[in-house]
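Report on the structure
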Amino acid sequence: MKITIINGPNLNNLGTRDPEIYGSETLEQTNTKLQNAFPDVELEFFQSNSEGEIIDRIQQAGEDLNTMGIVINPGAYAHYSYAIADAITDCDIPVVEVHISNIHARESFRAKSVTGASADAVITGCGRQGYHLAVSYLLSLDL
């Protein structure tokens, strides 16, 4: 069983980017902790600052018969990428959107997630634990 973890723009800078909002842990450290928490699950990690590459990865995961779900943190694309939203809608496997910060408690433009409306579930404001919650949710589905 495989779950694809997709991280969008600027998440490669976690650890140094706005640590008061996102914390000091790097994306690599988050990925390592997540894999350690789920040693029996094949977690496939992908990060890109490019909208097209994220769409391609969603489509690839959706076509992979071994992939049971996607966890995606689309970063700022969440607020305006109808192309990513369409890719999520077209995906035949469950998709959980994660945001490290509470998008509803920040700038008004962040409160709406067009991609989240296409996802099966959205987890926001739980810090890095949101990734753990998303993987646990996908594993709990009777697929």
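Going by the structure above, here's the rest.
**Side note on the sheet that holds strand β2 (residues 42-47)**
One open sheet holds the 5 strands; their spatial order is β2-β1-β3-β4-β5, and the pairing between them is parallel. The sheet terminates laterally at β2 and β5 (121-124), the two strands that pair on one side only. Adjacent strand axes in the sheet meet at a mean angle of 20° when their direction is disregarded. Bridge count between strand β1 (residues 2-7) and strand β3 (residues 67-73): 6 bridges; the pairing is parallel. Looking at the pairing, isoleucine 6 lines up with isoleucine 72 of β3. In the packing of helix α5 (residues 129-140) onto the sheet, contacts are made with β1, β2, β3, β4 (95-99) and β5, and the angle to β3 comes to roughly 155°.

**Considering the pattern of salt bridges**
Overall, the coordinates contain 5 salt bridges when judged by the stated rule. Put simply, glutamate 44 and lysine 2 hold a salt bridge, and the shortest N to O gap is 3.9 Å. A residue pair is termed long-range when its members are at least 10 positions apart, and glutamate 44 in strand β2 and lysine 2 in strand β1 qualify at 42 residues. Relative accessible area serves as the criterion here: at 24%, glutamate 44 is assigned to the partly exposed category. Lysine 2 serves as the salt-bridge partner of aspartate 64, at 2.5 Å between the closest nitrogen and oxygen. Pair noted here: aspartate 64 is in the loop between α3 (51-63) and β3 and lysine 2 is in strand β1, with a separation of 62 residues, a long-range link. Residue classification places lysine 2 among the buried positions, given a relative accessible area of 10%. One network of salt bridges, with partners in common, ties together Lys2, Glu44, Arg57 and Asp64.

**Thoughts on unusual backbone geometry**
At asparagine 10, a residue that is not glycine, the phi angle is positive and equals roughly 70°. Here asparagine 10 is to be found in the loop between β1 and α1 (19-22).

**Overview of the environment of glutamate 28**
Assignment of secondary structure puts glutamate 28 in helix α2 (residues 27-37). Using a relative accessible area of 63% as the deciding quantity, one classes glutamate 28 as exposed. A sequence separation of 95 residues divides glutamate 28 from isoleucine 123, and the C-alpha atoms of the two residues are 20 Å apart.

**A short note on α5**
The first and last C-alpha atoms of α5 sit 16 Å apart over 12 residues, in line with the 16 Å expected at 1.5 Å per residue. Taken together, the buried positions of α5 are Gly130, Tyr131, His132, Ala134, Val135 and Leu138. Close packing links the buried residues of α5 with β1, α2, β2, β3, β4 and β5.

**Thoughts on the packing of α2 against α5**
Where α2 contacts α5, the two axes come as close as 10 Å, and the packing angle between them is 35°. The crossing of α2 and α5 is right-handed. Facing α2, whose interface residues are Thr30, Lys33, Leu34 and Ala37, α5 presents Tyr131, His132 and Val135. Here the residues of the contact of α2 with α5 sort into 4 nonpolar, 2 polar and 1 charged.

Reading the values: the criteria
- Residues numbered from 1 in each chain as written.
- Predicted model: local features only at pLDDT ≥ 70, side-chain atom pairs only at ≥ 80, totals over all residues.
- Heavy atoms only, no water.
- Pairing = 2+ DSSP bridges.
- Helix = DSSP H or I, 4+ residues; strand = E, 2+ residues; numbered from the N terminus.
- Axes fitted to C-alpha atoms, helices over the stretch in contact; angles between N-to-C directions.
- Contact = heavy atoms within 4.5 Å.
- Salt bridge = Lys/Arg side-chain N within 4 Å of Asp/Glu carboxyl O.
- Buried < 20%, exposed > 50% of the residue type's maximum accessible area, 1.4 Å probe, protein only.
- Expected span 1.5 Å × (residues − 1).
- Left-handed = near helix turned anticlockwise from the far one by under 90°.
- Nonpolar A, V, L, I, M, F, W, Y, C, P; charged D, E, K, R; others polar.

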